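# Tertiary structure, described
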Amino acid sequence: MTAGDHEEVLAAIAARDPDAAAYAMRRHILLPGERFRRLFDEAQDADGMAAKA
């Protein structure tokens, strides 16, 4: 989540563009979850490798 995400959502709302606002909000909510999931998976993999060593 970045300030740019917020600016994108606000700009779409200010432009009265509901499709762009919905898209920006969806990205704002979903992308951080994907990043955290990837980090979590990497941490689990690292733990598994450490346990085997």
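Higher on the page you've got the structure.
Residues numbered from 1 in each chain as written. Predicted model: local features only at pLDDT ≥ 70, side-chain atom pairs only at ≥ 80, totals over all residues. Heavy atoms only, no water.

Attention shifts here to the overall build of the protein chain. Counting secondary structure elements, the protein chain contains two helices and zero strands. For the protein chain, the residues scored as buried account for 13% of the 53 residues in total. Summing over all exposed atoms, the protein chain offers an accessible surface of approximately 4500 Å²; the carbon and sulfur share of this is 61%. (Helix = DSSP H or I, 4+ residues; strand = E, 2+ residues; numbered from the N terminus. Buried < 20%, exposed > 50% of the residue type's maximum accessible area, 1.4 Å probe, protein only. Areas by Shrake-Rupley, 256 points an atom, 1.4 Å probe, with all protein chains shown as cover.)

A few words on unusual backbone geometry. Even without glycine at this site, R16 takes up a positive phi of about 55 degrees. Tracing the chain through its elements places R16 in the loop between α1 (3–14) and α2 (18–52). For R16, a relative accessible area of 77% gives the class exposed.

For α1, built from 12 residues, the straight-helix expectation of 16 Å at 1.5 Å per residue is met to within 8% by its first-to-last C-alpha distance of 16 Å. Taken together, the buried positions of α1 are occupied by D5, V9 and A12. Each buried residue of α1 sits inside an arc of 65 degrees when the element is viewed along its axis, so together they form one side. Along α1, the residues that are exposed and aim more than 90 degrees away from the buried face are A3, E7, L10 and A14. Phi turns positive one or two residues past the end of α1, at R16, with a value near 55 degrees. (Expected span 1.5 Å × (residues − 1). Arc of directions from axis to C-beta.)

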